[in-house]
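Structural overview for review
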Amino acid sequence: MEDFFEKLHDTFIVDDRWKYLTNGLKTTLIITFFAVILGMALGFFVAVIRATHDKTGRLKVLNFISKMYLTVIRGTPVMVQLLIIYYVIFASVRIDKTFVGILAFGINSGAYVAEIVRSGIMSIDSGQFEAGASLGLDYTKTMIYIIIPQAFKNVLPALANECIVLLKETSVAGYIALEDLTKGGDIIRSVTYEAFLPLIAVALIYLVIVVGLSSLVGRLERRLKKSDRG
Amino acid sequence: MIEVKGLRKSFGSLEILKGIDTTIEKGEKVVVIGPSGSGKSTFLRCLNMLEKPTGGSVIFEGTDLTKMNDKQLHKMREKMGMVFQHFHLFPHLTIRKNLTLAPVKLKLMSKEQADESAEIMLKKVGLSDKADSYPNMLSGGQKQRIAIARALVMNPDVMLFDEPTSALDPEMVGEVLGLMKQLAAEGMTMVVVTHEMGFAREVASRVLFIDEGVIAEENTPEKIFSSPDSPRLQSFLSKVL
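Residues numbered from 1 in each chain as written. Chains lettered and ligands numbered in written order. Predicted model: local features only at pLDDT ≥ 70, side-chain atom pairs only at ≥ 80, totals over all residues. Heavy atoms only, no water.

1. Details of the packing of aromatic side chains
Residue and element names in this part refer to chain A. This model, assessed by the stated rule, comprises six aromatic pairs over all chains. Here Y86 and Y87 contribute two aromatic rings whose centre-to-centre distance is 4.8 Å and whose plane-to-plane angle is 75 degrees, an arrangement assigned as edge-to-face. Over the ring of Y139 we find R58, and its NZ or CZ is 5.4 Å from the ring centre. (Phe/Tyr/Trp six-rings, centres within 6.5 Å; stacked < 30°, edge-to-face > 60°. Lys NZ or Arg CZ within 6 Å of the ring centre and 35° of its normal.)

See the structure below:
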């Protein structure tokens, strides 16, 4: 027992090593937060383009570009995308690594969000489009006020799941030397030669956040369900 | 008010409407009857361009709808209310929001005006107490009355009804037909596709019998129901009456 507390002390207290974890967590949360926003925006945009094309046959060029985007992003590992964005696209530019992380994970997540949201839009009864049209609402207004809110509600669990996946996926950010939560734990391991405590601590932190987020989503879902009663 | 000339509609190689000519005057209550698959719903949906005709023209208040661009069509639809068989209320919005969404987002009314107008319409359809409910908390008959109120808030010149009672339980048909009769009595121009022959007999100023994509017979309800001319109408009526 003595031994365990000494290890705990060595791992986290000496030289303020716990700061690797808190600073890492901060970076992880910042990247996840902004990547989720970017991914959602991108995803909704692409989903609406794809759904509009499927339903009306318009936006051919944008649809083609969207399909390319989806194929490339979903067909390659996120880590490779991260490395390419940092070492190839921004090779000759000095650029904030956190920004690169947000960009890479946001663009990646957008592709998955797009397909989730598109399935949500396509699942809405075409009668809803017709009801909107019969009231004089144009396609865009019908989409924004009638279709998207219903689609969003239907796919909310899937979207939340995507956010959680994204949070965990950012753990590869260390490959461009971003000091995120995982990297923070790993740094502690490399200076103390003690793997168990820092890595378990990292895992626990991810777990607590994920469980917390999941319960928040559950609560939101129950609130949205109000309109389904009856 | 609505002039239909040589209206044709095909889906692929299947021709549903094979040349429809008729004129609907202001204040008229036209009831469209006919066997299923005869094209009566398609005819109604062509009137507000939910289906784009493949031939002929639909002239509404002096303008040919088949030559309009999308923007003009949306403007036109503000004046043509439509009620669907399956209601198509917006499930994510309260009843009040269902009624006020279109007039507010189209900037036809302020939010206050729309709320007031919604209140009046809800009173008219007898569902004032449901303003803050969601559609899924209502019965079928109530939903359809709300759908009618939603169309009325737009203050339309004509109301199109596409089998408004076909999806209802029998005991709820009466409340919807009652409301439609009330509208008719107030002078609303109405085009109603229905299987409710009692309603046609009582309310229609004219009955169109559509069969195999054409108007096979067109007359006052008295003539249609008591002395139908064509054998096809006779056989149809013998099945539904």
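From this point, the narrative continues.
2. Concerning the confidence of the model for chain A
Regions with low pLDDT should not have their predicted coordinates read in detail. In this model, chain A carries a mean pLDDT of 92, and residues with pLDDT of at least 70 account for 98%. Least confident of the elements in chain A is helix α1 (residues 2-13) of chain A, whose mean pLDDT is 86; most confident is helix α3 (residues 60-75) of chain A, at 97. (pLDDT = per-residue confidence, 0-100. Helix = DSSP H or I, 4+ residues; strand = E, 2+ residues; numbered from the N terminus.)

3. A look at the interface of chain B and chain A
Contact residues are listed per partner, giving 25 residues for chain B and 24 residues for chain A. The tally of links between chain B and chain A comes to two salt bridges. As a salt-bridge pair, R45 of chain B and E130 of chain A come within 2.6 Å of each other at their nearest N and O atoms. Our count for the chain B to chain A interface comes out at four residue pairs in polar contact (both at pLDDT 80 or more). (Contact = heavy atoms within 4.5 Å. Salt bridge = Lys/Arg side-chain N within 4 Å of Asp/Glu carboxyl O. Polar contact = N/O pair within 3.5 Å; in protein donor to acceptor, adjacent residues only side chain to side chain.)

4. Quick word on unusual backbone geometry
Residues and elements named next belong to chain B. Positive phi, normally seen in glycine, also occurs at K107, with a value near 60 degrees. Relative to the helices and strands, K107 resides in the loop between α3 (95-105) and α4 (111-124). K107 sits in the exposed class, given a relative accessible area of 72%. We note that N155 has phi near 55 degrees; this positive angle belongs to a residue other than glycine. (Buried < 20%, exposed > 50% of the residue type's maximum accessible area, 1.4 Å probe, protein only.)

5. Points about the environment of T27 of chain A
By secondary structure assignment, the location of T27 of chain A is in helix α2 (residues 18-56). In the structure, T27 of chain A is positioned 22 residues away from I49 of chain A in sequence and 33 Å away in space, judged by C-alpha atoms.

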